[in-house]
Amino acid sequence: MSISNNLQNIRKSISETALACNRDPAAIKLLAVSKRHSVHSIREAIAADQFLFGENYIQEAQEKCRVIDNAAFHFIGHVQSNKAKLAAELFTMVETVDSFKLAKALNKHLEKIDKELDILIQVNIGRDPKKSGATPEETASLLKDMRSLPHIRAKGLMTIPPFSTDPEESRGHFRNLRLLSVRCAAQNLFFDNDKVELSMGMSHDYVAAIEEGSTFVRVGTAIFGQRPERK
Ligand SMILES: *Cc1c(COP(=O)(O)O)cnc(C)c1O
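Source: prediction; values computed, not measured.

Chemist: Sorry, what's going on with the site of the ligand here?
Modeler: Close to the ligand lie 13 residues; K35, N56, S203, G220 and T221 are nearest. In the model, an oxygen atom of the ligand is placed 2.5 Å from a nitrogen or oxygen of the S203 side chain. Across the complex, the protein chains shield 90% of the 390 Å² of accessible surface that the ligand would expose by itself. Judged by the fraction of its atoms near the pocket grid, the ligand is located in the largest pocket. Considered class by class, the residues forming the shell around the ligand number 6 nonpolar, 4 polar and 3 charged.

Chemist: When you look at the pattern of salt bridges in this model, what are you seeing that I'm missing?
Modeler: When the charged atoms of two side chains lie near each other, side chains of opposite charge can form a pair. Tallying each qualifying case throughout the model produces 15 salt bridges. In this structure, R171 and E212 form a salt bridge, with 3.0 Å as the shortest nitrogen-oxygen distance. With R171 in helix α7 (residues 167-186) and E212 in the loop between α8 (206-211) and β8 (216-219), this residue pair connects regions lying 41 residues apart in the sequence. For the pair formed by R171 and E212, the shared burial category is buried. Counted as one network, the salt bridges with shared partners bring together E168, R171, R175, E211 and E212.

Chemist: Explanation requested: the layout of surface pockets in the structure shown.
Modeler: By rolling a water-sized probe across the atoms, one finds the places where empty space is left. Its boundaries defined by the atoms lining it, the largest pocket holds a volume of some 550 Å³. Together, 24 residues line the largest pocket, and K35, N56, I160, M202 and R227 are the ones closest to its centre. When grouped by side-chain class, the residues that make up the lining of the largest pocket number 10 nonpolar, 8 polar and 6 charged. Contributing to the lining of the second largest pocket are 19 residues, with R36, Y57, Q59, E60 and R230 lying nearest its centre. Partitioning the lining of the second largest pocket into residue classes produces 5 nonpolar, 6 polar and 8 charged.

Chemist: I keep staring at helix α1 (residues 3-20) and nothing clicks. Help me out?
Modeler: Note: α-helices contain 3.6 residues per turn, so residues at a spacing of three or four share the same orientation. Over its 18 residues, α1 extends 26 Å from the first C-alpha to the last, a length consistent with the 26 Å expected when each residue adds 1.5 Å. Along α1, the positions that sit buried rather than exposed are I3, N6, L7, I10, S13, I14, T17 and A18. Looking down the long axis of α1, one finds its buried residues gathered within 130° of arc, a one-sided arrangement. Residues K12, L19 and A20 are exposed on α1 and point more than 90 degrees away from its buried face. On the buried face of α1, the contacting elements are β1 (29-33), α2 (39-47), α8, β8 and α9 (221-224).

Here is what the cut-offs are and how they apply
Residues numbered from 1 in each chain as written. Predicted model: local features only at pLDDT ≥ 70, side-chain atom pairs only at ≥ 80, totals over all residues. Heavy atoms only, no water. Near = heavy atom within 4 Å. Polar contact = N/O pair within 3.5 Å; in protein donor to acceptor, adjacent residues only side chain to side chain. Areas by Shrake-Rupley, 256 points an atom, 1.4 Å probe, with all protein chains shown as cover. 1 Å grid on protein atoms, 1.4 Å probe; cavity = no way out; pocket = protein on both sides within 12 Å on 5 of 7 lines; lining within 4 Å. Sits in = over half its atoms within 2 Å of the grid points. Nonpolar A, V, L, I, M, F, W, Y, C, P; charged D, E, K, R; others polar. Salt bridge = Lys/Arg side-chain N within 4 Å of Asp/Glu carboxyl O. Helix = DSSP H or I, 4+ residues; strand = E, 2+ residues; numbered from the N terminus. Buried < 20%, exposed > 50% of the residue type's maximum accessible area, 1.4 Å probe, protein only. Points joined across faces, edges and corners; volume = space filled by probe spheres on them. Expected span 1.5 Å × (residues − 1). Arc of directions from axis to C-beta. Contact = heavy atoms within 4.5 Å.

Here it is, written out as structure tokens:
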């Protein structure tokens, strides 16, 4: 299957899933996760009207951003503190902010380039010891602290549940992330509390994620195929 065909199938499945659970299909944005895939593959997706991509490695993203100027990139990997400057510059959204220290480092660089950056708090909703992310308990206070950072716009929450091939295993985690976002929105902790973003769902479980309220699905393999090994 070509990238263009895969995109068509996923868009169809996203809108059918949305309609089946009484959601507006336009409320669900598709983030094409292009990590470890070539610039050529990204261009193929752009030719099929996909203009939003997700990258996990700052250096790799930097090379891609340099040659691709007609698409936007979200960062969905772990931000090392020495990479905060590049992260602040390259992306339209950083989905993986999980500490006040990182938010402050981003804000400092954003101030220098006079840019406001959309971010999501990555929450380790399944308390997976192998995953980074704020704990559910500290998420509200992290959002409160971040209100002092004028260049950071906290748009919502992101999560990667503990890995399981069964999407039903992820569903409870997706639901918990949404409930957490509802509690935080009730305290007016987001940039726009009427339009809170939830980044959840990947190739194998995005249908369940949409049913549980996802607004960004991060789909890699189902669009681009198997990822090449990391060099
Ligand atoms: C790689 C990755 C994805 C995409 O995973 P697929 O299973 O290939 O769809 C989504 N989110 C994050 C954070 C990732 O690292």
